[in-house]
Amino acid sequence: MGEPRGAAVRAAAVLLGAGACYCLWRLAAGGRRGQPSDNSPPASTHTMDEDALQKLIHLLQATDDPLIQEQALITLSNSAAFSVNQDIIRNLGGLSVIGGMLSDCVPKVKEKALNALNNLSMNIKNQEEIQVYIVQVCRNIESAPLNSDLQLAGLRLLTNMSVTSDYHHKMINSIPCLLHLLSEGTERTQIQVLKVLVNLSANPAMTRHLLRAKVPSLLLLFDNCINRDILLRALVFAANLKKNMNNEDGTMIKDQYSEHSIFSMLCRDSTPFAQKLASLLHHPDTEVKEQVVRILTQ
């Protein structure tokens, strides 16, 4: 790291005070030795008082330096792991400041902002404010490089924001993107996508939107050789949809679902799926077999 960048970090430390800005000092010293680790938060993060948190938020508003923005966001993210700080950051107007970072052109800044919002979203009142950024989060997921840390950070935030059905409607337009990632992503990406899809599938109001989606490769996930965490979540996803379909009032029209749609796999051309399920009845994992039985008995 060059001297101008290091000087900027040291200037930020003077502005914030040593306690609030320990990670920035570490960056100034450690950046010349190698990349700083996001997994090494300041030891005093959870004890930062309201004044220190406010200074960090003000710093985010005042600086255009992406390195300082990154480290301030990391500190806020670590602080937000503690419930008392989640309320303080919200009351200081920090959610809108962090949310504004989602439009930044620097991927690492966006990633750290998503990580901070993810920790802050563990709070219901915070979710009420964070929900205005869901569409932007979905855009970030779609535009991010496949399997990147930025993409995964966005998916983790969507997982938290989809635990309740309050904001599912904001994710409808992103269902094709999620299913594309399910087909093309690594196992780590697939697991994170399925966490979101399982949450969405638990909501009967989302059933038609999910059934209409096209994902020809979905059937490949229902196989004994598939990673257990992926297989189990794929089964829960299918079981939720089958349950919601059975609870429909008879208004579900088969003709509205195209070939290669999830509906077609589950119902119209269901023989290959049924064969997959029959094979999975011999799977060694008890939870997997329980979900297979749940699908077959609905």
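Along each chain, residues carry numbers from 1 onward, in the same order as the chain's sequence is written. With the structure being a predicted model, the display of local features is reserved for residues of pLDDT at least 70 and the display and counting of side-chain atom pairs for 80 or more, all residues being used for whole-chain, interface and lining totals. Working from all heavy atoms in the structure, the side-chain values ignore hydrogens and water.

Q: So what about the overall build of the chain? Which residues, and what values?
A: Within the chain, the regular secondary structure consists of 17 helices and zero strands. Just so you have it, the chain exposes about 13700 Å², and 51% of that area is on carbon and sulfur atoms. Secondary structure elements follow DSSP: runs of H or I no shorter than four residues count as helices, runs of E no shorter than two count as strands, and numbering proceeds from the N terminus. Only the protein chains shown count as cover for residues, and all accessible areas are computed by the Shrake-Rupley method using a 1.4 Å probe.

Q: Could you give an account of the packing of helix α7 (residues 107–120) against helix α10 (residues 149–161), with specific residues and numbers?
A: All axes here are fitted lines through C-alpha atoms, helices being fitted over the stretch that makes contact, and every angle between N-to-C directions spans 0 to 180 degrees. Contact geometry for α7 and α10: axes closest at 9 Å, N-to-C directions at 20 degrees. As the angle between them shows, α7 and α10 are arranged roughly parallel. Both α7 and α10 take part in a crossing whose hand is left-handed. Packed against α7, whose contacting residues are P107, K108, K110, E111, L114, N115, L117 and N118, the element α10 presents D149, L150, A153, G154, R156, L157 and N160 at the interface. Reported orientations rely on four angle classes, namely roughly parallel under 35 degrees, roughly antiparallel over 145, roughly perpendicular from 65 to 115, and oblique for the rest. Take the far helix as the reference: if the near one is turned anticlockwise from it by less than a right angle, the crossing is left-handed, and if turned clockwise, right-handed. Should any heavy atoms of two residues lie within 4.5 Å, those residues are counted as being in contact.

Q: Describe the nonpolar core, listing the residues and the values that go with them.
A: The nonpolar side chains of a soluble globular protein tend to be buried with one another. As used here, the term nonpolar core means buried Ala, Val, Leu, Ile, Met, Phe, Trp, Tyr and Cys residues forming a set that is joined through side-chain atoms within 4.5 Å. Each residue gets one of three labels from its accessible area relative to the maximum for its type: buried under 20%, exposed over 50%, partly exposed in between, using a 1.4 Å probe on protein chains only. In this structure, I98, L197, L218, F222, L235, I262 and L266 are the most contacted members of the largest nonpolar core, which totals 85 residues. If you tally residues by element for this core, the top one is helix α14 (residues 228–246), at 11 residues. The contact partners of I98, leaving out residues within four places of it in the chain, are L60, L73, L76, I89, A113, A116, L117 and L120.

Q: So what about the side chain of Q131? Which residues, and what values?
A: By secondary structure assignment, the location of Q131 is in the loop between α8 (124–130) and α9 (134–143). For Q131, a relative accessible area of 16% puts it in the buried group. Within the structure, the side chain of Q131 is placed 3.3 Å from the backbone oxygen of E128, a separation counted as a polar contact. Beyond its immediate sequence surroundings of up to four residues, Q131 is in contact with M161, Y167 and K170. N or O atoms within 3.5 Å of each other form a polar contact, as long as, within protein, one can give a hydrogen and the other can take it, and as long as residues adjacent in sequence are counted only when both atoms are side-chain atoms.

Q: Before we move on, could you go through the environment of L219 and cite the residues and values that matter?
A: Within the secondary structure, L219 sits in the loop between α13 (207–212) and α14. For L219, a relative accessible area of 22% translates into the label partly exposed. Placed 47 residues apart in sequence, L219 and L266 show a C-alpha to C-alpha distance of 9.5 Å. Here L219 is in contact with M265, P272, F273 and K276, once residues within four sequence places are set aside.

Q: Let's hear about helix α11 (residues 175–184): which residues, and what values?
A: Where α11 is concerned, the buried positions are I175, C177, L178, L179, L181 and L182. The inward-facing, buried residues of α11 contact α9, α10, α12 (187–201), α13 and α15 (262–268).

Q: Describe the pattern of salt bridges, listing the residues and the values that go with them.
A: Salt bridges are defined by distance alone: a side-chain nitrogen of Lys or Arg within 4 Å of a carboxyl oxygen of Asp or Glu. For the coordinates displayed, the defined rule picks out 10 salt bridges. A salt bridge links K112 to E111; the nearest nitrogen and oxygen atoms lie 3.6 Å apart. Assigned by exposure class, K112 and E111 land together as buried. The shortest N-O distance in the salt bridge between D229 and R228 comes to 3.4 Å. The class of D229 is partly exposed, set by a relative accessible area of 32%.

Q: Tell me what's going on with the environment of N115, and back it up with residues and numbers.
A: Following the sequence through the fold, N115 ends up in helix α7. The spacing of N115 and L152 is 37 residues in sequence and 9.6 Å in space, taken between C-alpha atoms. Residues within four places of N115 in sequence aside, it is in contact with S77, A153 and R156.

Q: Provide a residue-level description of the packing of aromatic side chains, including the pertinent values.
A: Here a Phe, Tyr or Trp ring, Trp counted by its six-membered ring, pairs with any other such ring whose centre lies within 6.5 Å, and the pair is stacked when the planes are under 30 degrees apart, edge-to-face when over 60, and tilted otherwise. Tallied over the entire structure, the rule returns two aromatic pairs. Ring centres 5.0 Å apart and planes at 75 degrees place the aromatic pair F222 and F273 in the edge-to-face group. Remark: F273 occurs in helix α16 (residues 271–280) and F222 occurs in the loop between α13 and α14; sequence separation between them is 51 residues. By the burial criterion, F222 is buried, and F273 matches it. Between Y257 and F263, the ring centres sit 4.4 Å apart and the planes meet at 20 degrees, which makes this aromatic pair stacked.

Q: Before we move on, can you summarise the confidence of the model for the chain with the specific residues and values?
A: Looking at the chain as a whole, the pLDDT averages 87, with 82% of positions reaching at least 70. A score from 0 to 100, pLDDT tells how confident the predictor is in each residue. Across residues 1–5 the pLDDT falls below 50, and counting only partners more than four positions away or on other chains, this stretch makes nine contacts in the model. Every residue in residues 25–45 is under pLDDT 50, and counting partners more than four places away or in other chains gives 29 contacts.

Q: Could you give an account of the packing of α12 against α14, with specific residues and numbers?
A: Viewed as axis vectors pointing N to C, α12 and α14 meet at an angle of 20 degrees, and their least axial separation amounts to 9 Å. The orientation of α12 relative to α14 falls into the category roughly parallel. Considering the relative orientation of α12 and α14, their crossing is left-handed. Each of E187, Q190, I191, L194, K195, L197, V198 and S201 in α12 lies in contact with α14, whose residues at this interface are D229, I230, R233, A234, V236, F237, N240, L241 and N244. Following the grouping adopted for this structure description, the nonpolar residues are Ala, Val, Leu, Ile, Met, Phe, Trp, Tyr, Cys and Pro, the charged ones are Asp, Glu, Lys and Arg, and the polar ones are all others, Gly among them. For the contact of α12 with α14, a count of residues per class yields nine nonpolar, four polar and four charged.

Q: So what's going on with the environment of D149? Residues and values would help.
A: Mapping D149 onto the fold places it in helix α10. A sequence separation of 41 residues divides D149 from K108, and the C-alpha atoms of the two residues are 8.7 Å apart. Other than its neighbours up to four places away in sequence, D149 contacts K108, E111, R156 and R188.

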